[in-house]
Each structure stands twice: as C-alpha cells, then as structure tokens.
4 protein chains.
Amino acid sequence: MSGARDVWVLAAQCPSRLGTVDVVTRFLKEQSCYITELHSFDDYQGGQFFIRAAFRPELAGFSEASFRDRFETRATEFGMSFELMAPDYRLPVVIMVSKADHCLNDLLYRYRTGQLSIDVRAVVSNHPDLEPLARWHDLPYHHLPITAETKPQQEAQVRQVIEESGAELVILARYMQVLSPELCRHFAGRAINIHHSLLPGFKGAKPYHQAYDKGVKLVGATAHYINDDLDEGPIIAQGVESVDHSHYPEDLVARGRDIECLTLSRAVRFHQEKRVFLHGRRTVVLAG
Amino acid sequence: MSGARDVWVLAAQCPSRLGTVDVVTRFLKEQSCYITELHSFDDYQGGQFFIRAAFRPELAGFSEASFRDRFETRATEFGMSFELMAPDYRLPVVIMVSKADHCLNDLLYRYRTGQLSIDVRAVVSNHPDLEPLARWHDLPYHHLPITAETKPQQEAQVRQVIEESGAELVILARYMQVLSPELCRHFAGRAINIHHSLLPGFKGAKPYHQAYDKGVKLVGATAHYINDDLDEGPIIAQGVESVDHSHYPEDLVARGRDIECLTLSRAVRFHQEKRVFLHGRRTVVLAG
Amino acid sequence: MSGARDVWVLAAQCPSRLGTVDVVTRFLKEQSCYITELHSFDDYQGGQFFIRAAFRPELAGFSEASFRDRFETRATEFGMSFELMAPDYRLPVVIMVSKADHCLNDLLYRYRTGQLSIDVRAVVSNHPDLEPLARWHDLPYHHLPITAETKPQQEAQVRQVIEESGAELVILARYMQVLSPELCRHFAGRAINIHHSLLPGFKGAKPYHQAYDKGVKLVGATAHYINDDLDEGPIIAQGVESVDHSHYPEDLVARGRDIECLTLSRAVRFHQEKRVFLHGRRTVVLAG
Amino acid sequence: MSGARDVWVLAAQCPSRLGTVDVVTRFLKEQSCYITELHSFDDYQGGQFFIRAAFRPELAGFSEASFRDRFETRATEFGMSFELMAPDYRLPVVIMVSKADHCLNDLLYRYRTGQLSIDVRAVVSNHPDLEPLARWHDLPYHHLPITAETKPQQEAQVRQVIEESGAELVILARYMQVLSPELCRHFAGRAINIHHSLLPGFKGAKPYHQAYDKGVKLVGATAHYINDDLDEGPIIAQGVESVDHSHYPEDLVARGRDIECLTLSRAVRFHQEKRVFLHGRRTVVLAG
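Rules of the game
Residues numbered from 1 in each chain as written. Chains lettered and ligands numbered in written order. Predicted model: local features only at pLDDT ≥ 70, side-chain atom pairs only at ≥ 80, totals over all residues. Heavy atoms only, no water. UniProt positions renumbered as here; feature names shortened; annotations may be inferred. Helix = DSSP H or I, 4+ residues; strand = E, 2+ residues; numbered from the N terminus. Buried < 20%, exposed > 50% of the residue type's maximum accessible area, 1.4 Å probe, protein only. Pairing = 2+ DSSP bridges. Axes fitted to C-alpha atoms, helices over the stretch in contact; angles between N-to-C directions. Contact = heavy atoms within 4.5 Å. Least-squares fit on C-alpha atoms with pLDDT ≥ 70 in both. Parallel < 35°, antiparallel > 145°, perpendicular 65-115°, else oblique. Left-handed = near helix turned anticlockwise from the far one by under 90°. Nonpolar A, V, L, I, M, F, W, Y, C, P; charged D, E, K, R; others polar. Buried area = accessible area lost by both parts, 1.4 Å probe. Salt bridge = Lys/Arg side-chain N within 4 Å of Asp/Glu carboxyl O. Polar contact = N/O pair within 3.5 Å; in protein donor to acceptor, adjacent residues only side chain to side chain. Disulfide = S-S within 2.5 Å.

As named in an unreviewed UniProt entry, chain A is Formyltetrahydrofolate deformylase, taken from Salinicola socius. Word for word, the UniProt comment on chain A under Function (unreviewed entry) is "Catalyzes the hydrolysis of 10-formyltetrahydrofolate (formyl-FH4) to formate and tetrahydrofolate (FH4)." Under the UniProt heading Pathway (unreviewed entry), the entry covering chain A gives this text: "Purine metabolism; IMP biosynthesis via de novo pathway; formate from 10-formyl-5,6,7,8-tetrahydrofolate: step 1/1."

Colleague: Sorry if this is basic, but what is going on with unusual backbone geometry here?
Modeller: Excluding glycine, residues mostly have negative phi values, and the peptide bonds linking residues are mostly trans. The linkage connecting Leu199(A) with the following residue, Pro200(A), adopts the cis geometry, with an omega of 10 degrees. Structurally, the position occupied by Pro200(A) is in the loop between β9 (191–195) and α7 (207–214). In this model, Lys274(A) sits at a positive phi of 60 degrees, which is unusual for a non-glycine residue. Tracing the chain through its elements places Lys274(A) in the loop between α8 (249–272) and β12 (276–279). What makes Lys274(A) buried here is its relative accessible area of 14%. The phi torsion at Lys206(B) lies on the positive side, around 50 degrees, for a residue other than glycine. Position of Lys206(B) relative to the elements: it lies in the loop between β9 (191–195) and α7 (207–214).

Colleague: Please clarify how the sheet that holds strand β7 (residues 141–143) of chain B should be interpreted in this entry.
Modeller: Hydrogen bonding along the main chain pairs the strands of a sheet, whether they run parallel or antiparallel. Residues and elements named next belong to chain B. If you trace the 7 strands from one edge of the open sheet to the other, you get β7-β6-β5-β8-β9-β10-β11, paired in mixed fashion. Strands at the two margins of the open sheet, each flanked by one partner only, are β7 and β11 (235–242). Strand after strand, the sheet turns through a mean of 20 degrees between neighbouring axes, direction not considered. Against the sheet, helix α8 (residues 249–272) contacts β5 (91–97), β6 (118–125), β8 (169–172), β9, β10 (218–225) and β11, and its axis sits at roughly 150 degrees relative to β11.

Colleague: Where do I start with the relation of the copies chain B and chain D in this structure?
Modeller: Each copy of the chain is related to the other by a rotation around an axis and a translation along that axis. Once chain B is rotated about the relating axis by 180 degrees and shifted along it by 0.0 Å, it coincides with chain D to within an RMSD of 0.0 Å. As the rotation angle and translation indicate, the two copies are arranged about a two-fold axis. Every residue of chain B has its C-alpha some distance from the rotation axis, and the shortest such distance is that of Trp136(B), at 3.9 Å. A share of 100% of the interface residues of chain B reappears at the interface of chain D, consistent with the copies meeting face to face through the same patch.

Colleague: Got a minute to help me understand the sheet that holds β9(A) in this structure?
Modeller: Residue and element names in this part refer to chain A. One open sheet accounts for 7 strands, arranged β7-β6-β5-β8-β9-β10-β11; its pairing is mixed. Only two strands of the sheet have a single neighbouring strand rather than two, namely β7 (141–143) and β11 (235–242). The average undirected angle you get between the axes of adjacent strands in this sheet is 20 degrees. In this structure, β9 lies alongside strand β10 (residues 218–225), joined through 4 bridges in antiparallel fashion. Note that in β10 the partner of Asn193 across the bridge is His224. Here helix α3 (residues 102–112) sits on the sheet and contacts β5 (91–97), β6 (118–125), β8 (169–172) and β9; the angle it forms with β6, its principal contact strand, is near 155 degrees.

Colleague: Is there a simple way to think about the packing of α7(A) against α8(A) in this case?
Modeller: Between two packed helices, the angle of one axis relative to the other and the distance separating the axes together describe the packing. All names here are of chain A. Contact geometry of α7 with α8 gives a least axis separation of 9 Å together with a crossing angle of 120 degrees. Looking at the two axes, α7 sits oblique to α8. Viewed along their axes, α7 and α8 form a crossing whose handedness is right-handed. Here Tyr208, His209, Ala211 and Tyr212 of α7 lie close against α8, whose contacting residues are Pro249, Leu252, Val253, Gly256 and Glu260. Across the contact of α7 with α8, the residue classes break down as 6 nonpolar, 2 polar and 1 charged.

Colleague: How should I be thinking about the interface of chain B and chain D in this particular structure?
Modeller: Often, the extent of an interface is quoted as the loss of accessible area on bringing the components together. Contact with chain B, which involves 24 residues of that partner, is made by 24 residues of chain D. Both sides of the chain B and chain D interface together cover about 2100 Å² of buried area, and 45% of this is carbon and sulfur. Connecting chain B to chain D are 4 salt bridges. Where chain B packs against chain D, one counts 8 residue pairs in polar contact (both at pLDDT 80 or more). If you list the elements that add at least two residues to the side of chain B that touches chain D, you get α3 (102–112), α4 (131–136) and α8 of chain B. Taken together, the residues of the side of chain B that touches chain D sort by class into 7 nonpolar, 8 polar and 9 charged.

Colleague: So what exactly am I meant to see when it comes to the environment of Gly201(D) here?
Modeller: Considering the arrangement of structural elements, one finds Gly201(D) in the loop between β9 (191–195) and α7 (207–214). Between the C-alpha atom of Gly201(D) and that of Asp231(D), which follows or precedes it by 30 residues, the distance is 10.0 Å.

Colleague: Just to check I follow, could you spell out the pattern of salt bridges for this structure?
Modeller: Side chains that differ in charge, positive against negative, can pair when their charged atoms come close. Taken as a whole and assessed by the stated rule, the structure comprises 66 salt bridges over all chains. The shortest N-O distance in the salt bridge between Glu77(B) and Arg17(B) comes to 3.8 Å. Here Glu77(B) is found in helix α2 (residues 64–77), whereas its partner Arg17(B) is found in the loop between β1 (8–15) and α1 (20–30), with 60 residues between them in sequence. What makes Glu77(B) exposed here is its relative accessible area of 54%. Overall, Arg17(B) belongs to the partly exposed group, its relative accessible area being 37%. Salt-bridge contacts for Arg112(D) lead to Asp101(B); the nearest nitrogen and oxygen are separated by 3.4 Å. Placement of Arg112(D) in helix α3 (residues 102–112) and of Asp101(B) in the loop between β5 and α3 is noted, with the two residues assigned to different chains.

Colleague: Would you take a moment to explain the state of the cysteines for this structure?
Modeller: Simply put, the disulfide is a covalent bond whose two ends are the sulfur atoms of two cysteines. One pass over the full model with this rule turns up 0 disulfides over all chains. Of all cysteine sulfurs in the structure, the one in Cys103(B) sits closest to Cys261(B), which takes part in no disulfide; the separation is 4.3 Å. With no disulfide of its own, Cys14(D) lies closest to Cys33(A) among cysteine sulfurs, the gap being 18 Å. Note on Cys14(D): relative accessible area 1%, which makes it buried.

Set out below in structure tokens:
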C-alpha cells in the first residue's frame, strides 16, 4: 500500500537467472535509494522473473534521466525490461462508456478526489447520455455513435481521440461494443475492460441472464486486459457477490454494479501503481 | 438459524395462487402450533410458491400422524407437496469418497459433534485408504473398487449398500468417479456433490488446473444436486477464495480444500434443515 | 430482494402469542392480496414477534386507507404496531455531512439513478465544501456552521430544516459533530449514522488511528440508529475490509471509504424497504 | 505461497538504514542462492526494516552452518537479527486445549495430512475429554487438571512438558484458562492464542454473549501472540463471519467455530513459514 507516498517505483521483468534481484537492489543502493517496499516473484514454470521496488532517493539531486541511463546498462545484460515512475506521476487515461454510468461515476469520483492517481483526458462514448457527468468534472466528452456500417470509421475516430489525448491507458468502463480484432490488438495490454461475470464463466452478452439461468449463488466481475481474444484477455482482478433465488436477472444487474466498480477501480490502481505484469495469458500482480 | 432447536419444520411448495400462505399458517394456528420462523417465496416467473415454517406445538399430545393426515387434505386442494420434520430428526446419509479425505474428515467431525443433524450409515469408497478414518468414527466402510469393465457391477453394489443403509441422502464428498447416467437419474435430488470450481466455469476434470491456465484471481467450490447432466445439477451453495499468480495448480488444490469443506457442509445443512427446494434446473434456498 | 417491484409492504411487530402470523396472512388473503415474499421471526428470549410481507393486490380498486382501517382493528387485538408502504413510495430524507464527500457522493448517485428509493429533500452541513456536489443534483444545501457556543442554536436550525423538509429519515453521512443528547433523543430510530469502525470496538474519535495502534488485520464500518448513547445505537449493518502492517492510519482512512459507503447505503436500503425493526438495543433485519 | 516447496527461507529485521536489502540480496547471490520470492517492508514510522527471502541453492554442497556463519558477519554490521529455515523443517509444537475440540481437530487434520509443516509433540489439557482424539493421531496427551489452589504447580508442569517436548511454539487452541503473567511472559512471542472475537472488541470471557448483547452483525476470531497483557498480544490474523438477529449466543458459538479454526491455522502457517515479525505491540506479516 501507500505506494504513491513520495516514493519512486521501479518495476522490471526478465528471464529467470541467478542475480536478477541483486542487479536491481545493488543498483538502488549504489544510487543511495532507500527501498521502502520490495516484492519479487519468480515463475519457475514460465522461467520468468518479476520485481517491483518502491524507493526514496536519499541524496539531493536525484535525476530520473541519469537513473534510467545507468540502470539501462545493467538491465540489458539480464534482458530485463523495466519501467520507472516518479512519485507525482498521474497516469493519463481515456475512459470509454456507453449508457451505464456506475463505473464512470465511480472512476471520476476517485479521480477528482485523488484516490486514483490518474489524469482523465477524455470520456468517449457511443451515446450522448453521460455527457453531463463528464462535463461536471470538466472533461471533454466525445460522442462517437456507431453502427454496423460505420464501425471502421468510428474505431478510427476512437483511436485518434485516444492518441491525441496522450492517454497511456484506455479504461472500458462498461463500453458495450465489441471492439474489432484490430483495435484489440492495437490496445493489447494498454486497455482494461470490466466484464460483468467471473470469467471464464459467462463470456459474451448478458452474463447476468446466463447466471440466472444457471441458478448460481455467486455473481462477480472481472477486470482484464484487452487482447485479441474477446473476454479472454489476462485477468487483473476479480470480485464476487452472493445472490440467491430471489434475484431475477434485473436484480443481478443491479446487485453487480458495486462489485463492478470496486473491481475495475482496483485493477486500474494496480496498473497505475505498476504492480501488474503481463505474463503470457496471465498476469503477475505484486499487490504488496 | 437454530432451526433444530426443539422445533418442527414444515416445508411445502405448489403452483402460485391466492391463499397459498394462508392455507399453511391458518392450519398451524388451528393446530395450536406457534410459528417461530417463517419464510415464503413466490417465483412469479416460474409461477411456483415455496414456504418453510418452523413451529412449536403449544398443546400436549401433538401427533405427527394426525398433523400429516389433516394437512394432507388442505394441501391437496392447492396441489401442494410438503415435508414435515420432527425436532430430533437426524437425516440418514451415506458418504462416498475416493482418496481425498478433507471433506470426509470435516463431515464426520460435524456429525460426531452434532453440528450436522445427520446419521451417517456408511462410507463407500472405490479405494481402501480412508477406512481408518471411518472406523475411528465406528462407521462401516465399503471398499468397492471400480474399473471401466466392472463399473455396472460396482454401481449396482453402491446402490445396494445405499438402499440397505436406509440413507435418504448420498453425499459425494470428492468421489472421483463419473456416475453413470442411470445412477445419476436414480439419485436425482437425493445426492449432493461438491465440485471444486465455481460452476458453470471449469466443468469436468482438473478444474484447478484449468483455473491456473486461465489465470483467475478467485477459485471456488460448488455444491449441487446430482442430475443426469454431469456438473449441471441444481446449485445449492457456492464458496470462493482469492488466489494470485504465485499459486500453482497444486497450491490451488491445497487452497481449495477449506472452501470445499465449508461449501459442502453448508449445502448438507441446508438440505437437512429442509431449506432447499428443487425448482427446475435451479434451487430455492430459504436460508432464514 | 426486488422489494420495490410493484409490491406493497406490510411490516409489523407485537408481543409473541399464538396466531400472530395468522392475523396478518388471513387478512391479506381476505383482501385478495397475493403474498410474494414473507418473513417472520419470533424472539423467544425477548417475547416479541416480527413480520414483513410483500404483496400484490389482485383486485382492482385496492384502497390504502381502507386496508389500513380494516387491518387496524385486527392488529389492535394483538397489540400489533404496523407500517404499510406503497409500491411507488420514496422515503423523504435529509443527508448531513461535514467535509468528507464519499458517502454523500455514493448516496446521491444511488438516489439519482433510482437504486435507492429515497427522495433527498436537502443536504445539511457545518461546512460549505460540498455545496457544488449537492447543487449538481439540484438539491438545497444548508450551510449551518457550528461552534461550541452556537451549538444549541445550530441544532435548532438543523431541526427546523429537517422538519420543514418533511424528511422521515436523517442520514448522518460522515457528519463529524457529536449531536447533543436532546437531538439524539429527538431523532432516535429516525436517524442512521455511519461509524468508521466495527462497533463496539473503537468508539469515539479517530477509530482508524486506534485500529492502527492495535495492529488489527481487519477494519470495518457500522451503520446504526442514533439513540441517546453515543456510538451505542442499535446496529443495522456492518462491513469489513482486510488490512495489513503496511497500512498507516491515513491508508486505513482511505481504505475504509468504500466499505463505509457500501455499509451505509445497505442500511438505508434496509430501512427504506421496511426490513429493520427496533428491538431494545438491537435490531431485527428481515433481509429477505 | 508454496513457501515450503524445496526452498530455504531467510527472515530478518533490523533498524532502517540504506543498504538493508542489499546486504541480504548480495549475500544470497554470492552464495549462488536463487531467490524465488522476496518481500521487504520498511516501517518509516517505527524505523524498522523487515525482509523475507525464499531461495534455492544452485550449487551442490550447500551448508547451512557455513551459510549462517558467513551471513552472521554481514548481519551484525546492520544490527540485523535473522532466522534461517531448511526446506524440510517441521516446527515442533505443543497444543493446549480444554474441552472444545474444533480447533484441535482442525490442527491435527492439517498436521496429519502435511498441510501444516508442524511436528506436534504433545497435547496438553486441563480436562481428560480430548485424549481419544490425540491418541488416534498417536500423540501423547497430558491431562493436567487445574484449580485456583494448584495453578502455580499446574503451570510448572505445563512448562516442564513443553520444555521437555522441545516445542518451539505453543498453540492455545481454545485453552480456557487464564495464564499467569509469569507464564505469559515466559511464552511471549512463542505462543499463539485464538480468541473468539474481533479484538480489541469483546475481550475477556464469553465474547459471543457480549456480541449478542450488542447486536452486532459480524462476529470474528483473532489469533495473536501471548504477551503479558491478556487478550492484548500482537495480532497475527483475524477472520469474520456475518450473523443476524436470529443467532442467539449459542448459535454464535456454533457459527464461530469454523472461523476460529481457519484463523488459527492461518496464523500458525504464517508463523511456521517465518512470515510473522514481532514489532512492538503489532506484527508485520509478509504474507507473500
């Protein structure tokens, strides 16, 4: 926790090999960086190593550029990719929605109050309904309607808006359109979707109706990265809520809203705090 | 709760119609039976009514036979089926296992200490391993090995043991054999299975391995009635446990044990307390 | 669940006695009211009976006034107090806040989207900060500052605002002032407070700091009715969240927000749906 | 997770200072020890650093004694205390009970099946009741009755049994006697107790009865180290279960059993895996 409190974050991964931890921790010590929280995991089946360090420079004049340059050299030797995040970094995002507003309302509340260190650059929707909510938070709202015919053009517009916004993450906060495979590939690992079921159960449309038919006693939500296989992207977070026979599909829809909000915002926070690593079809989440 | 404390239980269902509650509650009053807990539910989509009343006779000389006879007349008019259970009733059961003993150990502990009002008549297994555990509880243990060739004969033996035991419920406490469709049909609604996943996700064999492959962040267990569609019987209870990237399949297996035990024993308790009603492919659980 | 779907609700309580259920259910049948959900509980220790019925009139021309009149006669005989609620009833409330806005934001979202059948008449605060949020929802905002000296006058103003608003429930959504004993008594059973700890642990101020000092591994929230004993009013709902050593007091404050929102809104919903009965220092919640 | 799989564990703590991580990780690399899981935490308020590393020696001929000797030198410089645990280490324990057997049954099941890497040396009780359960697991059972007059002598016997057994941890699995301050001090940090409430709420006797009186909607259990302040020792783990108005004190007692078992065994596992660090009145649990 408290990952953002005046600390830098270094997150890295590389193939498993003796010394992977040492290359990181020794460097941090040499740079007089005090490690406040450290978590590493080695997947012995996949042969891949993951590490996340939160640290505080102890010397005045800490230079991000110089840190990067010097660490790059060490990392290269281990085939290590890494990310470095400054304490005051707010992740630029675009949020995509349709008509349902619960996830948007929740994300914007956390954005406005600083609970999520994100910088919402725009809200994009295929419907006009949620413009007032976006406007109240002083955010640009792009209404980009879509039909079967205009899908390619609309997706091109979506891409353009996102690119021009400088967003590093796209949040699909109940955007009820199936993205084209091209767009999925384009955003792979850079877009988080909330699906209203415990994937891989109940893929596709109307999962709460499917859940009702099966008579399940638990419903849930899954936040996952987009990849080119719909509803099969790497899972970041899941949440669950108990239900019973008296919940008709529309009750499940209502009951699922809270858990969707909580699960999506948790996934966004994990991502923003650089706790999530893509690892094939799975994720490693160094949750601290 | 406290359903068993010196109270009788009347559980009934019938097609929806004005007066379904009244026919039960008026009768109870006429018989000077004091209702301590009452729960009814009407499924307006399915057009079916369910009720469960816990009550205490206030007059000396309460006669179960006479109560049944008299209520039968009223119930018939509404097409109502019902069950009546005495305060001291302990449900006769047979438990079926293979080699894994966690659910058996848990059930026998609750049986021995009276936490479950069941009367375990026998333990049946296709392996000899768990005989000592059954013996310590002074229970007959039937080792009935099975091969592809002997399956029909073995299932005939299983049926015979169960019938001779007088069991009203069969508990499949991690019995790792697929029952034949005939046996499933035979036990439909009278056998509870624990499946080690959140059905309908991960049906079939090795669900924890499937869960690992998908990278889920929650695993669970499902207790359901057996019917003729494997792993598709009506769900009674589900439980869930959070996991992460560091849990390999064998860790998931270990981690799932507790939730399997809790979910199965909860389902057995609901069934024993006459809280569960079969309703098509679903259940109604008047959990109180 | 689905308590509000086109159904009336009758909630009643009286001293325990044979026939308490029958007097309700027989009457409903006589009035051709179809019971969709029924729940009763008898506290044998306290000698008090509680019942909640959701029902749908089957005849045209159902008259609330006539129903009340006729049922009154029956109820009187049993010393039964009761409440009747129409399907479209939205409970008039006033929300009181200070500077923290998470519970207000959550309640207003549920109000605006109809998830809570409440009619927010006004927001009252001892600070001006949350006026924009109230205004965006088109709600009157009463800024009534308070000091030790002006407390009696301020409380008189608060009372007046609430009375003039016609509110039947006051929601203390993180109002950080200790109400005077007089005001507590005045609102006893008609005001719900959210306390940010699992009462009775950590009463009083700064409960998350207390929790940190004790090194607890769970923090929680408690929604309770106001009575004349501060933080000791009857509990309606509680929620919990796991924490660890890395959560400093300010992290606990942040982490507790979601569970405060969920617990408070659940309590308000239970109250609005007439599921909560005051019973001495405790509540009976017929949660369905 | 899977901390025990063929890995050594090094757990250490010392005052906060630049290089605390490096002194551990550099040494491990020099010794050709591959780190499979690493977790460190620095308490900036308390100025204390904690680290836990799971590792696998990559060279044949790894010598525990030599590792200890060499690391000792490095650690001394940082004022670092440490523990080293071999992969096959099973922690010797003594379990103390009275009449309630649920926690004992659960612990012995996990011991027998290897789910807990403990070596139960003896069961001690002030009552004879649980001897058959201990005997079935081939364990010595010491029946040491106690009265107000014989308390000093009995405690001396308890101490002797524990010392002679070679136990490194004492598990108070619902031992219903208040230990003397001397015994508490003697076992400080080496004895884990399960208290059947969410401490610090409901200290002392009959916590479920206290919980009933307060009308709480959640009950829980707390596993904590013994220290000289009764029910105030550092908390290791807590668990929670929802309850309602229908649960009388005896129902709460019954309902709490499962969560007591789960919470106690989790705390014992954390301790055995060297995940728990004492830190004043609190614990740091590097749960992985």
